[in-house]
Amino acid sequence: IKGVGPKLVALLGELVVTSYAQIAAWDTAAIAKIDAQLGRFAGRITRDQWVEQARLLAAGDETGFASTFGNNG
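Only a predicted model underlies this, so the values are computations on that prediction, with no experimental measurement involved.

A. Fine view of helix H6 (residues 62–69). Along H6, the residues that are buried comprise Gly 64, Phe 65 and Phe 69. For H6, the arc enclosing every buried residue in end-on projection is 100°, short of the 170-degree limit, so these residues lie on one face. Along H6, the residues that are exposed and aim more than 90 degrees away from the buried face are Thr 63 and Ser 67.

Here it is in structure tokens:
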């Protein structure tokens, strides 16, 4: 997911968030709950469109991801 670097990966791992499918399933309440635990990274979920990115990636839609968010990498 664009906008998620090593520090956020580690933090999300501590929160037991380990897959695109988990993020893709987040609703407003889940976003608020996780966002409140992100410290200095708060606001990134919405700003960087993590849920939208995760939905495409979880579905294996690399073409849709690339056309919407650019190449990942």
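Further notes follow.
B. Representation of the packing of aromatic side chains within the structure. A full pass over the atoms with the stated rule returns 1 aromatic pair. Considering the side-chain rings of Phe 65 and Phe 69, the 5.4 Å spacing of their centres and the 40° angle between planes classify their relative orientation as tilted. On the criterion of helical spacing, the pair formed by Phe 65 and Phe 69 is a turn pair, its members being 4 residues apart in helix H6. Here Phe 65 and Phe 69 have matching classes, each one buried.

Procedures and definitions
- Residues numbered from 1 in each chain as written.
- Predicted model: local features only at pLDDT ≥ 70, side-chain atom pairs only at ≥ 80, totals over all residues.
- Heavy atoms only, no water.
- Buried < 20%, exposed > 50% of the residue type's maximum accessible area, 1.4 Å probe, protein only.
- Helix = DSSP H or I, 4+ residues; strand = E, 2+ residues; numbered from the N terminus.
- Arc of directions from axis to C-beta.
- Phe/Tyr/Trp six-rings, centres within 6.5 Å; stacked < 30°, edge-to-face > 60°.

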